Amino acid sequence: MATPIQYAMTADGVRIAYCLHGDGPPLMYVRGWVSHLELLWADDAFRSFFEALGRRFTVVRYDARGNGLSERHPERLDVDALVLDIEAVADSLGLDRMTLYGTAFGAPIAVTYAARHPERVSRLVLDGAYARGADIATKEWKDRLVETLRVMPDAALLLLTHRTNPEARASPFRQPERFRELISPEVAARLYTLAYELDVAAAAAAVRAPTLVLHRRQSLSIPIRQGQILASLIPGARFVTLEGTQHNPWEGDAVATLRAMGEFLGVELTPEAGSAPAVVSGTVTILFTDLTGSTRLAHAMSDARAQDVRRTHDTIVRAALAEYGGAEIKHTGDGIMASFSSAFRAVECARAIQRSAALAGDADLRVHIGLNAGEPIAEAGDLYGTAVDTAARICHEAGPGEIFCSDVVRQLCAGKGVEFRDRGPVTLRGFEEPMRLFEVPWREEP
């Protein structure tokens, strides 16, 4: 059950939503953005992680200005204004001393607050953090992300999801259609522009609270080098490397994160055992992707270049599967096979894959997608049968940058507003009777 939402007013008149749970000394979480108090709590991994903290601390969470349940279109969006958000919540609760816990883009805000209010921060924990935004990524990546946030926010969420967790699973928080519940595209673009302009090196040097800096070794979102630099700037800071590609502390090996935090904070932190994911049964929709010219990739390019194209494909597909609730069944060498309990979500996932592939700007990244629905046979983690074979053959019929599907998929999506273009009857390899196929357009019409 979500905790009750309360509100605080900042010194510049912005309404900030916050909530608290647990028992013990106060620990305030500074996420930064993109956030939503209720949607984040609906994520099982997030809730389990923070419930573990709540068994030792009174955990205070809030939505920064412009996010979630807080005021959505504030005039000020700079580091000083974001520090006012923390001040407002702390003052509303009457917190004299607290542990401050900042992750990702929230970490520089936490650092700034700790430097300005040393008397109110007993300990500082930073995870996936940095000191200088200019050092996080290339200018090309930053410019592309900010522009995509403005014009194609759903696609931007897929890009951000992959950078945060290349192995992301389905989550209520990561559904692209809910993006605008979290934040407006314009505010998101302003905040990410700010993230890449922030420089808190001077504030870090002024921090006096005992500090722990954690960082996942293979993080794509913020390279580990940036966490190391930040730790070197904070007097006496302890740096701990954690394994994994997931940037969010509650994803991947969350137990290792909690153990490191517990050792630093002098308490034992242990999450409750999670439940195994449900196994899809009955009618499912099968999705196949395949790269154009896989033979050419292998023979006409360098091995490194061919692998780079495959890796980009895998990254895009897996991020889309996570957003739309798809389960990866297997990697086929030149593509990925996945299953969905919803035909509509499978189609929307296919569209998201093609949009992201186009945004990647790589002429060699040309993806074919085929979809079919039926009741395959499940065995040893794989799916077999006519429904699967048909989906694979439909993928073979699709051209580069195209999405083809069977009439079964079209009918399952009836009433959902999906456009299907009749491509007529096609005799699929290995099948005697022709099958009517439909193309799903994915490009935005001018």
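Residues numbered from 1 in each chain as written. Predicted model: local features only at pLDDT ≥ 70, side-chain atom pairs only at ≥ 80, totals over all residues. Heavy atoms only, no water.

### Observations concerning the packing of helix 13 (residues 303–324) against helix 14 (residues 343–360)
Inclusion rule: Axis definition: a line fitted to C-alpha atoms, limited for helices to the stretch in contact. Angles are taken between N-to-C directions and run from 0 to 180 degrees. For helices the rule is a DSSP run of H or I covering at least 4 residues; for strands it is a run of E covering at least 2, with both sets numbered from the N terminus onward. The sense of a crossing depends on the near helix, which, turned anticlockwise from the far helix by less than a right angle, makes the crossing left-handed and, turned clockwise, makes it right-handed. Here, residues are in contact when the closest pair of their heavy atoms is within 4.5 Å. For this classification, the nonpolar set comprises Ala, Val, Leu, Ile, Met, Phe, Trp, Tyr, Cys and Pro, the charged set comprises Asp, Glu, Lys and Arg, and every other residue, Gly included, is treated as polar.
One way to put it is that helix 13 packs onto helix 14 with a least axis distance of 9 Å and a crossing angle of 145 degrees. The two elements helix 13 and helix 14 cross, and the hand of that crossing is right-handed. Packed against helix 13, whose contacting residues are T312, I316, V317, A320, L321, E323 and Y324, the element helix 14 presents R345, E348, C349, A352, I353, R355, S356, A357 and A360 at the interface. Considering only residue class, the contact of helix 13 with helix 14 consists of 10 nonpolar, two polar and four charged.

### Quick notes on the sheet that holds strand 10 (residues 327–331)
We count it as follows: Being paired, for any two strands, means DSSP has found at least two bridges between them.
A sheet is described by the order of its strands in space; here seven strands give the open sequence 10-11-9-12-15-17-16, paired in mixed fashion. Looking at the sheet topology across the chains shown, the edges are occupied by strand 10 and strand 16 (421–426). Averaged over all neighbouring strand pairs, the angle between strand axes comes to 25 degrees, with direction disregarded. Alignment of strand 9 (residues 284–291) against strand 11 (residues 336–340), held across four bridges, turns out to be antiparallel. The residue of strand 11 that forms the bridge with T285 is F340. Against the sheet, helix 13 engages strand 9, strand 10, strand 11 and strand 12 (367–374), with an angle of about 5 degrees to strand 11.

### Focus: the nonpolar core
Defined as follows: Residues belong to a common nonpolar core when they are buried Ala, Val, Leu, Ile, Met, Phe, Trp, Tyr or Cys residues joined through side-chain atoms within 4.5 Å. Only protein chains enter the accessibility calculation, which uses a 1.4 Å probe; a residue is then buried when its area is under 20% of its type maximum, exposed when over 50%, and partly exposed in between.
Counting residues in hydrophobic clusters, the biggest one holds 67 residues, and the most contacted among them are M28, Y62, L100, L124, L126, L149 and Y192. Counting residues per element, this core draws most heavily on helix 8 (residues 185–197), at eight residues. For L126, the residues in contact, after removing those within four places along its chain, are G102, A107, A110, V111, T211, L212, V213, L214, L230 and I234. In terms of nonpolar packing, the next biggest core, distinct from the first, is built from 33 residues, V309, A320, A352 and I353 among them.

### Examining the pairing of strand 10
For strand 10 and strand 11, the ladder comprises four bridges, and the chain directions are antiparallel. Following the sheet pairing, K330 is matched in strand 11 by M337. Where strand 10 folds back on strand 11, the antiparallel hairpin that results is connected by four residues, among which G333 adopts a positive phi of roughly 100 degrees.

### Notes on the confidence of the model for the protein chain
The following threshold applies: The pLDDT value tells you how sure the predictor is about a given residue, anywhere from 0 up to 100.
The share of residues in the protein chain with pLDDT of 70 or more is 89%, and the mean pLDDT across the chain is 88. Confidence over residues 273–281 falls short of pLDDT 50; this stretch has one contact with residues more than four positions distant or in other chains.

### So, the side chain of E87
In plain terms, the rule: When charges are tallied, Lys and Arg are placed among the positive residues and Asp and Glu among the negative ones, while His and the ends of the chain are skipped. Here a salt bridge means any side-chain nitrogen of Lys or Arg lying within 4 Å of a carboxyl oxygen belonging to Asp or Glu.
With respect to the helices, strands and loops of the structure, E87 is situated in helix 3 (residues 79–93). No salt bridge is formed by the buried E87, whose closest oppositely charged neighbour, R116, lies at an N-O distance of 5.6 Å.

### Notes on unusual backbone geometry
The omega torsion across W33 and V34 is 0 degrees, close enough to zero to call that bond cis. Mapped onto the elements of the fold, V34 is located in the loop between strand 3 (26–30) and helix 1 (37–41). Here the phi dihedral of A104 falls at roughly 50 degrees; this positive angle occurs in a residue that is not glycine. Among the secondary structure elements, A104 is positioned in the loop between strand 5 (98–103) and helix 4 (107–116). A residue is classified by how much of its surface remains accessible, and A104, at 14% relative accessible area, is buried.

### Brief notes about the packing of helix 5 (residues 139–151) against helix 8
Defined as follows: Oblique is the label for every angle not falling under 35 degrees (roughly parallel), over 145 degrees (roughly antiparallel), or within 65 to 115 degrees (roughly perpendicular).
Relative orientation of the contacting elements helix 5 and helix 8 amounts to 165 degrees, with a least axis distance of 7 Å. Our classification of the angle between helix 5 and helix 8 gives roughly antiparallel. By crossing handedness, the relation of helix 5 to helix 8 is classed as right-handed. Packed against helix 5, whose contacting residues are W141, K142, L145, V146, L149 and R150, the element helix 8 presents P185, E186, A188, A189, Y192, T193 and Y196 at the interface. Across the contact of helix 5 with helix 8, the residue classes tally to nine nonpolar, one polar and three charged.

### Some remarks on the packing of aromatic side chains
When we look at a pair of aromatic rings, we describe it by the centre distance and by the angle of the planes. Just so we agree on the cut-off: Aromatic rings from Phe, Tyr and Trp, taking only the six-membered ring of Trp, are treated as a pair when their centres fall within 6.5 Å; an angle between ring planes under 30 degrees marks them as stacked, one over 60 as edge-to-face, and anything in between as tilted. In our convention, an over-ring charge means Lys NZ or Arg CZ found within 6 Å of a ring centre and within 35 degrees of that ring's normal.
One pass over the structure, following the stated rule, counts 12 aromatic pairs. Summarising the aromatic geometry, the rings of Y29 and F50 are spaced 4.8 Å apart at their centres and angled 50 degrees between planes, so their arrangement reads as tilted. Placement of the pair is Y29 in strand 3 and F50 in helix 2 (residues 44–54), with a sequence separation of 21 residues. Each member of the pair, Y29 as well as F50, carries the same accessibility label: buried. When the ring of F105 is compared with that of Y130, the centres are 5.9 Å apart and the planes differ by 80 degrees; the resulting orientation is edge-to-face. Note that F105 is positioned in the loop between strand 5 and helix 4 and Y130 in the loop between strand 6 (121–127) and helix 5, a separation of 25 residues in sequence. Its relative accessible area of 6% is what places F105 among the buried residues. Residue class for Y130 comes out buried when judged on its relative accessible area of 0%. In this structure an aromatic cluster arises from ring pairing among Y29, W41, F46, F49, F50, Y101 and W250. Above the plane of the ring of F264 lies R123, whose end atom (NZ or CZ) is 5.0 Å from the centre.

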